[in-house]
Amino acid sequence: MDFDALLLSRVQFAFTIAFHIIFPSFTIGLASFLAVLEGLWLVTRKEAFKTLYLFWVKIFAISFGMGVVSGVVMSYQLGTNWSVYSAVVSPVIGPLFAFEVLTAFFLEASFLGVMLFGWRKVGPGLHFAATSLVAFGTIVSAFWIIAANSWMQHPQGFERLADGSLRATDYWQVVFTDTFPERLAHMLLAAFLTTSLVVGAASAWRLLKRKEETESRIALRMAIGMFAVVAPLQLVVGDLSGKEVLEVQPAKLAAIEAFWETRAEQAFHIAAWPDRAAEKNHWEISIPKVGSWIVAGRADAEIKGLKSFAPEDRPPVAVVFWAFRVMVGLGMAMIALGLWGAWLIWRGGGPEKHPLFLRACILMGPSGFVAVISGWIVAEVGRQPWVVTGVLRTKDAVSPVTSGEVSLSLVAFMVIYAIVFSAGALYILRLMAEGPQPTPADDTEPPLKPRPPGYALGASPAEPEVRP
């Protein structure tokens with residue numbers, strides 16, 4: 001393997017995006033969870049919901065901040081390591097990133113301060129509106145980012161100019177590509193799953209120590225309800241997304257399933273060892289005919305194999321094949337955990353009374369992050385050798401930099417990320433271990449107490465309003 005500037009730039013981008021995607025995939029779901037908690041508190045006035053909100057909002061603030069910092073690094077890398085890509089593609093998807101900042105980031109930043117520091121400075125209705133707008137902003141942010149990435153996966157609505165750059169001809173097609181709806185739904189469901197698994201793990205950890213902790217019991221049941229519903233739904237959406245990949249990125253689909261020959265009645269490879277150089281799988285654990293049925297919906301469907309594509313147009317097979325199976329395997333484990341938890345609740349005994357289930361929740365806590373990273377590996381490595389499918393090759397998109405320059409920045413990123421993000425992650429884990437703490441007695445009233453009659457707005461409580 002030649003560690004030239006191209007490969008090192010790809011490694012650096014993969015390293016930084018793997019760190020970055022952890023935080024949006026958590027904060028998107030956590031923001032919505034906070035909105036639900038505050039809404040339930042407003043409706044029921046049960047202090048447990050408020051206690052949970054005040055606990056998880058601290059974790060949200062730290063995660064959101066680390067997500068912003070790591071996201072800034074991503075945008076700078078497009079100019080430092082991928083300047084050719086930026087020059088060619090920015091006239092088309094540059095506005096999408098700008099819209100993400102104008103519509104999502106500004107919305108989140110504007111109301112985040114109210115959400116974090118306005119609990120006793122604004123009314124409960126306005127504070128709930130701020131929380132809801134922040135949650136909505138995270139979803140809008142995902143909308144624009146997935147739109148840009150979906151265009152790179154399946155570019156539409158553009159033309160190539162004489163200088164080689166691209167120009168949008170139909171922004172409706174640029175934003176709403178054929179793969180966009182399924183990919184957006186897949187990402188949002190993944191974020192909700194990731195959050196529910198973390199909430200479930202943190203609550204299970206507390207319940208192993210204090211089984212009667214009301215807040216953790218409520219949070220665990222809410223988490224079980226979320227991944228019991230969302231995990232099976234994610235399986236359906238993932239299947240729809242896979243069928244879309246068959247139509248628009250057949251080489252990626254062939255790599256995902258390690259299909260080498262074009263034939264009908266393809267087998268489904270549960271496990272295999274693909275060899276790109278030998279153009280075959282050295283060993284396979286397969287189910288005959290099921291591959292075509294899963295991919296195309298019928299067993300007699302003919303599916304293209306990798307040999308139908310030129311060697312230079314094939315993605316790295318082993319990486320994509322195994323990343324997909326890690327993602328799907330964890331998804332099946334999430335479905336099983338959700339059904340288990342739902343069954344325990346239905347029985348009436350309560351999941352907090354079953355230590356084995358609580359330990360399973362703790363074990364599955366990080367699985368959402370692993371599944372999200374695996375999914376992005378499938379999406380991005382499976383697109384290779386194209387940075388924009390069929391339009392711009394990755395090797396032609398890199399900046400004119402040397403391998404030494406990229407090596408220096410890569411090492412610097414690894415050291416800084418190891419220090420900063422490890423400290424942040426450890427602090428979050430420490431907060432989770434401490435668990436939700438009941439609010440002090442003087443903080444249980446609504447944020448603004450009504451003023452007594454006869455006092456002027458803004459006047460000191462000791463100075464009555466002067467009336468003629």
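J.: Before we go on, may I ask you to explain the environment of Leu 392 in this structure?
T.: Turning to its location among the elements, Leu 392 is positioned in strand S8 (residues 392-393). For the pair Leu 392 and Val 84, spaced 308 residues apart in sequence, the C-alpha to C-alpha distance is 9.8 Å. In this structure Leu 392 touches Tyr 85, Val 88, Val 89, Trp 386, Val 387 and Ala 397, once residues within four positions along its chain are discounted.

J.: Sorry, what's going on with the pattern of salt bridges here?
T.: One pass over the full model with this rule turns up 14 salt bridges. In this structure, Glu 434 engages Arg 430 in a salt bridge whose closest nitrogen and oxygen atoms are separated by 3.7 Å. Here Glu 434 and its partner Arg 430 are both found in helix H13 (residues 403-434), four residues apart, which amounts to about one turn of the helix.

J.: In this structure, what is going on with helix H8 (residues 250-257)? I would like to understand it.
T.: Since the α-helix advances by 3.6 residues per turn, residues separated by three or four positions end up pointing in the same direction. Counting buried positions along H8 gives seven out of eight residues, so the element sits mostly inside the fold. If you check which residues of H8 are buried, you get Ala 251, Lys 252, Leu 253, Ala 254, Ala 255, Ile 256 and Glu 257. Where H8 ends, the next residue or the one after it, Ala 258, has phi of about 55 degrees, a positive value.

J.: In this structure, what is going on with the packing of aromatic side chains? I would like to understand it.
T.: Geometry of an aromatic ring pair is reported as the spacing of the ring centres plus the angle between the planes. Summed over the entire model, instances satisfying the criterion amount to 22 aromatic pairs. Measuring from centroid to centroid gives 5.6 Å for Trp 151 and Phe 158, while their planes differ by 80 degrees, and the two rings are edge-to-face. A relative accessible area of 0% places Trp 151 in the buried class. Residue class for Phe 158 comes out partly exposed when judged on its relative accessible area of 25%. An angle of 80 degrees between the planes, with centres 5.6 Å apart, marks the rings of Phe 176 and Phe 180 as edge-to-face. A residue is classified by how much of its surface remains accessible, and Phe 180, at 3% relative accessible area, is buried. Taken together through their ring pairs, the aromatic side chains of Phe 15, Phe 19, Phe 23, Phe 413, Tyr 417 and Phe 421 make up a single cluster. The ring of Trp 41 carries the charged tip of Arg 45 above its face, separated from the ring centre by 4.4 Å. Against the face of Trp 386 rests Arg 393, its NZ or CZ located 4.1 Å from the ring centre.

Definitions and limits used
- Residues numbered from 1 in each chain as written.
- Predicted model: local features only at pLDDT ≥ 70, side-chain atom pairs only at ≥ 80, totals over all residues.
- Heavy atoms only, no water.
- Helix = DSSP H or I, 4+ residues; strand = E, 2+ residues; numbered from the N terminus.
- Contact = heavy atoms within 4.5 Å.
- Salt bridge = Lys/Arg side-chain N within 4 Å of Asp/Glu carboxyl O.
- Buried < 20%, exposed > 50% of the residue type's maximum accessible area, 1.4 Å probe, protein only.
- Phe/Tyr/Trp six-rings, centres within 6.5 Å; stacked < 30°, edge-to-face > 60°.
- Lys NZ or Arg CZ within 6 Å of the ring centre and 35° of its normal.

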